[in-house]
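# Structural overview
If you want the building blocks of each chain, they are given just below.
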Amino acid sequence: MSARTALVVRGGWDGHDPVGCTELFVPRLESAGFDVTVAEDLAVYEDADLLAATDLVVHSWSGGELTTLQEDTLVSAVEAGTGFAGWHGGVIGTNVGNARYLRMVGGRFLWHPDDFQDFTVRITRSPDRDGRITAGVEDYDVVTEHYWVLTDGLNTVLATSVLEPTGGPWDEPVEFPVVWTRRWGAGKVFVCTLGHRVADLEVPQTATLVERGLEWAAR
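Let me sum up the structure you'll find in this document. Just so you know, these numbers come straight off a predicted model, no measurement behind them.

Reading the values: rules and limits
Residues numbered from 1 in each chain as written. Predicted model: local features only at pLDDT ≥ 70, side-chain atom pairs only at ≥ 80, totals over all residues. Heavy atoms only, no water. Helix = DSSP H or I, 4+ residues; strand = E, 2+ residues; numbered from the N terminus. Expected span 1.5 Å × (residues − 1). Bend = angle between axes of the 7 residues up to and from the residue. Buried < 20%, exposed > 50% of the residue type's maximum accessible area, 1.4 Å probe, protein only. Contact = heavy atoms within 4.5 Å. Disulfide = S-S within 2.5 Å. Patch = residues over 30% accessible without salt bridge, like charges linked within 9 Å, V, L, I, M, F, W, Y side chains within 5 Å. Areas by Shrake-Rupley, 256 points an atom, 1.4 Å probe, with all protein chains shown as cover. Salt bridge = Lys/Arg side-chain N within 4 Å of Asp/Glu carboxyl O. Lys, Arg positive; Asp, Glu negative; His and termini not counted. Charge placed at Lys NZ, Arg CZ, Asp CG, Glu CD. Pairing = 2+ DSSP bridges. Axes fitted to C-alpha atoms, helices over the stretch in contact; angles between N-to-C directions.

### Comments concerning helix α1 (residues 18-31)
Taking 1.5 Å of rise per residue, 14 residues should cover 20 Å, and α1 covers 21 Å from first to last C-alpha, within 8% of that figure. The largest bend in α1 amounts to roughly 25° and is located at L24, with the proline P27 lying one to four residues further along. Taken residue by residue, α1 has P18, C21, T22, L24, F25, V26 and L29 as its buried positions. Buried residues belonging to α1 abut β1 (4-12), β2 (34-39), β3 (56-62), β4 (83-87), α6 (198-202) and α7 (204-217). Phi turns positive, to about 100°, at G33, one or two residues after α1.

Next comes the structure, spelled out in structure tokens:
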């Protein structure tokens, strides 16, 4: 049986260290039996045949913008069964003018408080819906950017966090999803809002969730 294929697309804003962060997971994908290709140009999304033959796309490109052709080719591939996954701004803080892309990933970053925040990642048990991603992982604390995001009800939320008021215009805690999965056509989508820096993705629980999420999303 031939190996599954993964395409890692990375670039954009250097502040999210797309190279360093993706390099954490390339060896893990290879150990899981994937043949991994790395692309550092969004033009790779214009190759419909390549995407159709790809089992998993890992997108790490903060602040990007897809052309109409790139967006249509990528989303069509996912709808046909190619898996799609990513973390933090590399997947939901990007392509903000691409409505079809945003509908596919199921969320968009809007804001985060200044500086890093201490908060708890709360695991949501979904044994009948992608529960193996969180199996054995308990609630845990992190210190990093705390994302305020917009999402929709098609997502299966696997972890949440509570953002406390920080002197802004709201005066009560708000709960936001941190990790979710999503079906889009025949494809599966995995998103983790953590991952501002390499150290965030090296937190054992986060690393476990992302590693499992990548494998889960793959065709």
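Now, onward.
### Here's the deal with the state of the cysteines
The tally for this structure, following the rule as stated, stands at zero disulfides. Sulfur of C21: no disulfide; nearest cysteine sulfur belongs to C192 and is 11 Å away. Taking the relative accessible area as the measure of exposure, C21 reaches 0% and is therefore buried.

### Some remarks on a negative patch on the surface
There is a patch of like negative charges on the surface, built from D41, E46, D47 and D49. Classification of D47 as partly exposed rests on a relative accessible area of 36%.

### Considering the sheet that holds strand β11 (residues 187-192)
Judged by pairing direction, the sheet is mixed, and its nine strands sit side by side in the order β2-β1-β3-β4-β11-β10-β9-β6-β7 without closing on themselves. Where the open sheet ends on each side, the last strands, each with one partner, are β2 and β7 (140-144). Between one strand and the next, the sheet's axes are offset by a mean angle of 20°, whatever the strand orientation. With two bridges joining them, strand β6 (residues 117-123) and strand β9 (residues 156-163) adopt antiparallel strand pairing. Opposite I123, over in β9, you have A159 as the bridge partner. Relative to β1, α1 is tilted by about 175°, and along the sheet it contacts β1, β2, β3 and β4. Across the sheet, α7 is in contact with β1, β2, β3, β4, β6, β7, β10 (174-184) and β11; its angle to β11 comes to roughly 165°.

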